[in-house]
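These are the residues of each chain, in order.
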There are 2 protein chains.
Amino acid sequence: MIEKKMEIGNLYAFYGKLLTENQRQMIELYIYEDLSLGEISQNLNISRQAVYDSVKRSEKTLQNFEEKLSLIQKFETHKKELREMSLEIELLKTKLIDKNHDQFLDNIIERMNQLIID
Amino acid sequence: MIEKKMEIGNLYAFYGKLLTENQRQMIELYIYEDLSLGEISQNLNISRQAVYDSVKRSEKTLQNFEEKLSLIQKFETHKKELREMSLEIELLKTKLIDKNHDQFLDNIIERMNQLIID
């Protein structure tokens with residue numbers, strides 16, 4: 001269930017702005033406030049079934065965006081490659097005899113890591 | 001006009017799969033085949049006005065995706081930073097006295113450039 005919320009959260013972070021205001025509100029309560037469907041239902045004073053349907057529909061919509069665009073996958077591939085390069089540069093640092101370039105390499109590593117978390 | 005087609009082409013490369021089949025067909029004739037609206041109209045045997053409306057609508061839809069998601073902007077920022085780092089590593093190469101690491105640095109530069117064109 002946690003994995004499911006995380007998956008929706010990841011999709012939502014990319015494509016959430018394409019959902020309706022209503023859908024966004026429910027997804028945010030579900031994911032960021034970590035409320036159960038029952039709690040959201042009480043909160044918004046609508047049936048649990050309506051909440052369930054909305055969340056399910058939003059999930060499908062978000063998955064559909066990723067199926068078509070694959071932008072999350074593209075970013076993940078980028079980040080994986082950046083992580084690998086960052087580690088390799090870290091390793092280079094230990095091998096360089098001339099320590100004058102340590103600061104330069106640290107700066108590159110930091111900027112790569114920044115791109116990874118961005 | 002060329003700039004306009006390039007802008008739509010860029011948007012289309014990211015979000016094109018969210019358009020309808022019909023819209024995609026016209027945009028592709030317009031951008032990739034570089035046909036004029038009149039030529040597309042003859043080609044598909046529909047009025048020039050219908051072609052114009054479809055292309056305009058597609059353009060608006062694509063711009064709307066970018067306004068909401070800013071994913072092109074995000075990728076461009078990533079790429080700009082990668083380009084800068086790639087140039088800086090190129091410069092480091094000229095400064096290193098120990099040439100044993102040239103191959104390693106060339107490999108990093110190549111992979112960064114690959115991420116830029118991906």
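On a predicted model such as this, the values are computed, not experimentally measured, just so you know.

Criteria and thresholds
- Residues numbered from 1 in each chain as written.
- Chains lettered and ligands numbered in written order.
- Predicted model: local features only at pLDDT ≥ 70, side-chain atom pairs only at ≥ 80, totals over all residues.
- Heavy atoms only, no water.
- Helix = DSSP H or I, 4+ residues; strand = E, 2+ residues; numbered from the N terminus.
- Rg over C-alpha atoms; globule rule 2.2 N^0.38 Å.
- Buried < 20%, exposed > 50% of the residue type's maximum accessible area, 1.4 Å probe, protein only.
- Contact = heavy atoms within 4.5 Å.
- Areas by Shrake-Rupley, 256 points an atom, 1.4 Å probe, with all protein chains shown as cover.
- Lys, Arg positive; Asp, Glu negative; His and termini not counted.
- Charge placed at Lys NZ, Arg CZ, Asp CG, Glu CD.
- Polar contact = N/O pair within 3.5 Å; in protein donor to acceptor, adjacent residues only side chain to side chain.
- Axes fitted to C-alpha atoms, helices over the stretch in contact; angles between N-to-C directions.
- Parallel < 35°, antiparallel > 145°, perpendicular 65-115°, else oblique.
- Left-handed = near helix turned anticlockwise from the far one by under 90°.
- Nonpolar A, V, L, I, M, F, W, Y, C, P; charged D, E, K, R; others polar.
- Buried area = accessible area lost by both parts, 1.4 Å probe.
- Salt bridge = Lys/Arg side-chain N within 4 Å of Asp/Glu carboxyl O.

### Examining the overall build of chain A
Scanning chain A from terminus to terminus reveals six helices and zero strands. Element order for chain A, N to C, with α for helix and β for strand: α-α-α-α-α-α. Computed over the C-alpha atoms, the radius of gyration of chain A is 21 Å, more than 25% above the 13 Å expected from 2.2 N^0.38 for a compact globule of 118 residues. Relative to its 118 residues, chain A shows a buried fraction of 43%. Residue pairs in contact within chain A that sit at least 24 positions apart in sequence constitute 52% of those at least 6 positions apart. When the accessible surface of chain A is summed, it comes to about 7000 Å², and 50% of that surface belongs to carbon and sulfur atoms. Side-chain charges in chain A split into 17 positive and 21 negative, and the spacing between the mean points of these groups amounts to 4 Å.

### A word on the side chain of Lys 93 of chain B
Residue and element names in this part refer to chain B. Looking at the secondary structure, you find Lys 93 in helix α5 (residues 71-95). Overall, Lys 93 belongs to the buried group, its relative accessible area being 19%. Here the side chain of Lys 93 touches Asp 106 through a polar contact of 2.7 Å, side chain to side chain. Every residue in contact with Lys 93, bar those within four places of it in the chain, is listed here: Lys 99, Asp 102, Leu 105 and Asp 106.

### Quick look at the packing of helix α5 (residues 71-95) of chain A against helix α6 (residues 102-117) of chain B
Contact geometry for α5 of chain A and α6 of chain B: axes closest at 11 Å, N-to-C directions at 160 degrees. In this view, α5 of chain A runs roughly antiparallel relative to α6 of chain B, as classed from their interaxial angle. Crossing geometry of α5 of chain A relative to α6 of chain B is assigned as left-handed. Every residue of α6 of chain B that contacts α5 of chain A at His 78, Glu 81, Leu 82, Glu 84, Met 85, Glu 88, Ile 89 and Leu 92 of chain A is listed here: Phe 104, Leu 105, Asn 107, Ile 108, Arg 111, Met 112 and Leu 115 of chain B. Residue composition of the contact of α5 of chain A with α6 of chain B, by class: nine nonpolar, two polar and four charged.

### Observations concerning the interface of chain B and chain A
In this complex, chain B contributes 31 residues to the contact, which on the side of chain A involves 31 residues. Considering only the surface of chain B that becomes buried against chain A, Phe 75, His 78 and Arg 111 of chain B emerge as the three largest contributors, covering 20% of it. Taken together, chain B and chain A are joined by four salt bridges. Glu 88 of chain A is the salt-bridge partner of Arg 111 of chain B, the closest N and O atoms lying 2.9 Å from each other. The tally of links from chain B across to chain A stands at six residue pairs in polar contact (both at pLDDT 80 or more). At the level of secondary structure, the elements contributing two or more residues to the side of chain B that touches chain A comprise α1 (2-15), α4 (48-69), α5 and α6 of chain B.

### Comments concerning the pattern of salt bridges
Within this structure, the stated rule accounts for 20 salt bridges over all chains. Two residues, Lys 4 of chain A and Glu 59 of chain A, come together in a salt bridge whose shortest N-O distance is 2.6 Å. Placement of the pair is Lys 4 of chain A in helix α1 (residues 2-15) and Glu 59 of chain A in helix α4 (residues 48-69), with a sequence separation of 55 residues. Residue Glu 59 of chain A is classed as buried on the basis of its relative accessible area, which comes to 5%. The shortest N-O distance in the salt bridge between Lys 4 of chain B and Glu 7 of chain B comes to 3.6 Å. Of this pair, Lys 4 of chain B and Glu 7 of chain B are both found in helix α1, three residues apart, which corresponds to roughly one turn of the helix. Each of the salt bridges in this network shares a partner with another, and the network as a whole consists of Lys 4, Glu 7, Lys 56 and Glu 59 of chain A.

All quantities given are derived from atomic positions and should not be read as evidence of function.
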